[in-house]
Amino acid sequence: MKTGRIPLHSFATSTFWRSSFRHTSVATIAALLQCPAFFCGCIPIGPIPIPAAIHTKGYEADALDLFFFDAEGRLDAYQQLPAPARGTPVYGVSSEAAVQLAVLSTRAGDSGAWWDLASYPQLCKYSFRLADESPEKPLLAGEVRLQPGASRHLELTLHPLLTCIRLCSVSCDFSGLPYAGTPLLSDKLYIQFAGTEMHPLGAGDRAPVSWINDGEADSCAVMQLPHPEMVLQEGTGAIGPERVYLNRSFYFYPGPRSRLVLSGSIGEDYCYYPIPLRGIRPGGRYDLHLTLRRKGSPDAHTPVESGTVTIETLTVPWSRGDSKNLSL
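Let me begin by describing the structure that accompanies this report.

About the cut-offs
- Residues numbered from 1 in each chain as written.
- Predicted model: local features only at pLDDT ≥ 70, side-chain atom pairs only at ≥ 80, totals over all residues.
- Heavy atoms only, no water.
- Helix = DSSP H or I, 4+ residues; strand = E, 2+ residues; numbered from the N terminus.
- Contact = heavy atoms within 4.5 Å.
- Buried < 20%, exposed > 50% of the residue type's maximum accessible area, 1.4 Å probe, protein only.
- Pairing = 2+ DSSP bridges.
- Salt bridge = Lys/Arg side-chain N within 4 Å of Asp/Glu carboxyl O.
- Core = buried A, V, L, I, M, F, W, Y, C linked by side-chain atoms within 4.5 Å.
- Polar contact = N/O pair within 3.5 Å; in protein donor to acceptor, adjacent residues only side chain to side chain.
- Phe/Tyr/Trp six-rings, centres within 6.5 Å; stacked < 30°, edge-to-face > 60°.
- Lys NZ or Arg CZ within 6 Å of the ring centre and 35° of its normal.
- Axes fitted to C-alpha atoms, helices over the stretch in contact; angles between N-to-C directions.

So, about the overall build of the chain. Looking only at helices and strands, the chain has 5 helices and 20 strands in total. Put simply, of all contacts in the chain between residues at least 6 apart along the chain, 68% involve residues at least 24 apart.

The next point concerns the pairing of strand β2 (residues 63-70). Burial within β2 is extensive, with 8 of its 8 residues counted as buried. Side chains Ala63, Asp65, Phe67 and Phe69 of β2 all project onto a buried face; the interleaved residues Leu64, Leu66, Phe68 and Asp70 project onto the opposite face, where all are buried too. Summarising the sheet, β2 and strand β3 (residues 75-82) pair through 7 bridges and their orientation is antiparallel. Counted as the bridge partner of Asp65 is Gln80 from β3. Between β2 and β3, which follow one another and run antiparallel, lie 4 residues, and Gly73 among them has a positive phi close to 85°. The sheet contact formed by β2 and strand β5 (residues 98-106) spans 8 bridges and is antiparallel. Its bridge partner being in β5, Phe67 is matched across the sheet by Ala102.

This brings us to the sheet that holds β2. Pairing is antiparallel across the open sheet formed by 5 strands, whose spatial order is β3-β2-β5-β7-β9. Since the sheet does not close on itself, it has two edges, and those belong to β3 and β9 (159-160), each with one partner.

Before going further, it helps to spend a moment on the environment of Leu64. Inspection of the secondary structure puts Leu64 in strand β2. A C-alpha to C-alpha distance of 8.0 Å links Leu64 and Arg107, two positions 43 residues apart in sequence. Discounting chain neighbours no more than four positions away, the residues touching Leu64 are Ile54, Gln79, Gln80, Leu81, Ala83, Pro84, Val103, Leu104, Ser105, Thr106 and Leu158.

Moving on: the pattern of salt bridges. Enumeration over the complete set of coordinates arrives at 7 salt bridges. We note a salt bridge from Lys137 to Asp62, for which the minimum N-O separation is 3.0 Å. Taken together, the positions of Lys137 in the loop between β6 (128-129) and β7 (140-145) and Asp62 in the loop between β1 (48-55) and β2 put the pair 75 residues apart, joining distant regions of the chain. Put simply, Arg293 and Asp173 hold a salt bridge, and the shortest N to O gap is 3.1 Å. Here Asp173 lies in the loop between β10 (163-172) and β11 (184-192) and Arg293 lies in the loop between β18 (285-292) and β19 (309-315), a separation of 120 residues in the sequence. Using a relative accessible area of 30% as the deciding quantity, one classes Asp173 as partly exposed.

If you look at the biggest cluster of nonpolar residues, it comprises 62 residues, and the most contacted ones within it are Phe67, Leu123, Val231, Leu260, Tyr273 and Leu290. Tallying contributions element by element places β10 first for this core, with 5 residues. Those residues in contact with Leu123 that lie beyond four places of it in its chain are Phe67, Phe69, Ala102, Leu104, Trp114, Leu117 and Leu201. Grouped together as the second largest cluster of nonpolar side chains are 19 residues, Ile50, Leu81, Ala83 and Val103 included.

Glancing now at the side chain of Ser134. Residue placement: Ser134 occurs in the loop between β6 and β7. Given a relative accessible area of 17%, Ser134 falls into the buried group. A distance of 3.0 Å separates polar atoms of two side chains, one belonging to Ser134 and the other to Glu136.

Applying the stated rule across the entire model yields 8 aromatic pairs. Arranged with centres 4.9 Å apart and planes meeting at 80°, the rings of Phe67 and Trp114 form a pair that is edge-to-face. With Phe67 in strand β2 and Trp114 in the loop between β5 and α4 (120-124), this pair connects stretches of sequence that are 47 residues apart. Across the pair, exposure class does not vary: Phe67 and Trp114 are buried alike. A centroid spacing of 6.2 Å and a plane angle of 90° characterise the contact between Tyr126 and Phe128, whose relative ring orientation is edge-to-face. The class for Tyr126 is partly exposed, based on a relative accessible area of 33%. By relative accessible area, Phe128 is classed as buried at 1%. Cluster of aromatic residues (ring-pair linked, three or more members): Phe67, Tyr78, Trp114, Tyr126 and Phe128. In this structure, Arg257 is placed above the aromatic ring of Phe193, and the distance from its NZ or CZ to the ring centre is 4.1 Å. The ring of Tyr179 carries the charged tip of Lys295 above its face, separated from the ring centre by 4.7 Å.

Taken together, the 4 strands give an open sheet; going across it, the order is β14-β11-β16-β17, and neighbouring strands pair in antiparallel fashion. Strands with a single pairing partner mark the edges of an open sheet, and in this sheet they are β14 (232-239) and β17 (269-276). Adjacent strand axes in the sheet meet at a mean angle of 20° when their direction is disregarded. Where β11 and strand β16 (residues 259-266) come together, 8 bridges link them in antiparallel fashion. Bridge assignment links Leu185 to a residue of β16, and that residue is Ser265.

Spatial relationships are all this shows, so hold off on functional conclusions.
Here is the structure:
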């Protein structure tokens, strides 16, 4: 295989075969895929159909890009297939040398980005971008090692990298303070250090490689996104002792500095509540209920004092968890 070129059998599977796999038997696919090797006069590469149960956990996808790699990390085969219906397996094709499969969701027909792909490390440099994301159809990724042998079945669940933070409710309990009963006039909600680019594949912890809203909300940059409401929204208005139910959702790639920020006026003072989002993971959904107990910080960069906010969190729905109280 020449560096910078997808092998001929990979090219065949990424064009004609992507529309035919769903309607062709495994035996027929295996026989037909011998043709490229025969016509180019090479030693037969021995393509092997691999039944793959690929689950998207209820998320929608137009198509799937399948990448097979050998033990040296070199690209063995590539196909783009229509996303399967729930419970329906797809059939990937590789040679016996393939030991790893990586899968990314994509738009049907959008395979031109892979012409120069030659290896797994090269694919690991590929990034999902917040500008390409939609809360209704998040980008998905997954990878799995293949078992040796000519007859291989595999099961793989694809996951989004987007994290959803849902601010469910807020109240202000300023009991015993000089400004007790004074409401917070919230004018802005946003995600601070919201990840805008992240690598979906590879070992190690996932962390964004770029972000937005470094401290203050960057409305000019945010408005360049197709869905600016994912990281910046208008405030909630007056928040007092009576709990206000909001159900505001934010979507971004999480990082160690990511925070949910509420800002607004309490009397004559303008303040910020940067809420640390510790322990959140890509693909998670987290419900927050906040109780503000004193004035926040004078700027978006300064953490609030301990005891300023009480947070009740619930992780839903992909991994169930008990709610818990955290005091900042």
